[in-house]
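Structural description and commentary
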Amino acid sequence: MFGTRPHESVPNYFRLVVHGKEFDVDKFVERYPLPNVQVWHRGDKTDREQRETSNGFAIPLGSGPELHVDEQQQIAIDFLAAYTATLKKAARARGVTHCYLGLQEIVYPNTAGSIFDLSPTLLKHSLNIGLQVTVWSCLSPRPFRSRVKSTPRVRKTTRAKPSPKPGTP
């Protein structure tokens, strides 16, 4: 999709998430370090002034509102390939009930929606690890505006010249 992605008011869902009520997240991340881990515990306040109901961690993989879903898939494939063994342990850790990879696509109010295909390579890695793949469709607060300058279409019309009448020079 070509266009301006209004990411200021859209949350980022391009991330890997592992959690469960009985998951000992502190013990896991200490034993199996992963990059950019954001840990939470049951009872912690959320961004929306609610309380967390589980223990877990999230690993942001990039800015979903700014990256096309195809780019997100390639980043995710590279990450899953690099950390397969550790992520398998996370998916199978005692107390883990949810383990997913979130991809994100922005849907604009003046379009019919979005269509994209999930990469077989991404699905293979996800299934091997035990990850569910979730695609978040987020409605943009602004209409889609193409970056491609459109040029007005000029219709060429040609008029046939009248054929000369027989006998006229």
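These remarks concern the structure in this document. Everything numeric in this text was worked out from a predicted model, so none of it was measured.

**A short note on helix 3 (residues 84-92)**
Residues T84, T86, L87 and A90 constitute the buried set of helix 3. The arc that holds every buried residue of helix 3, seen down its axis, measures 160 degrees, which confines them to one face. For helix 3, the secondary structure elements touched by its buried residues are strand 1 (15-20), helix 1 (25-31), strand 3 (55-60), helix 2 (69-82) and helix 4 (120-129).

**Considerations on the nonpolar core**
One finds L16, V18, F23, F57, L80 and L101 to be the most contacted residues of the largest nonpolar core, which totals 26 residues. Among the secondary structure elements, those contributing two or more residues to this core are strand 1, helix 1, strand 3, helix 2, helix 3, strand 4 (98-107) and helix 4. Sorting elements by how many residues they give to this core places helix 2 first, with 5 residues. Among all residues touching F23, those that are not within four sequence positions of it are V18, F28, N55, G56, F57, A93, R94, G95 and V96.

**Description of the packing of aromatic side chains**
Applying the stated criterion across every chain, the model contains 6 aromatic pairs. With centroids separated by 4.9 Å and ring planes inclined at 40 degrees, the aromatic side chains of F28 and Y32 adopt a geometry described as tilted. Through pairs of rings, three or more aromatic residues link up here, namely F23, F28, Y32 and F57.

Reading the values: the criteria
- Residues numbered from 1 in each chain as written.
- Predicted model: local features only at pLDDT ≥ 70, side-chain atom pairs only at ≥ 80, totals over all residues.
- Heavy atoms only, no water.
- Buried < 20%, exposed > 50% of the residue type's maximum accessible area, 1.4 Å probe, protein only.
- Helix = DSSP H or I, 4+ residues; strand = E, 2+ residues; numbered from the N terminus.
- Arc of directions from axis to C-beta.
- Contact = heavy atoms within 4.5 Å.
- Core = buried A, V, L, I, M, F, W, Y, C linked by side-chain atoms within 4.5 Å.
- Phe/Tyr/Trp six-rings, centres within 6.5 Å; stacked < 30°, edge-to-face > 60°.

Geometric values such as these leave the question of function open.
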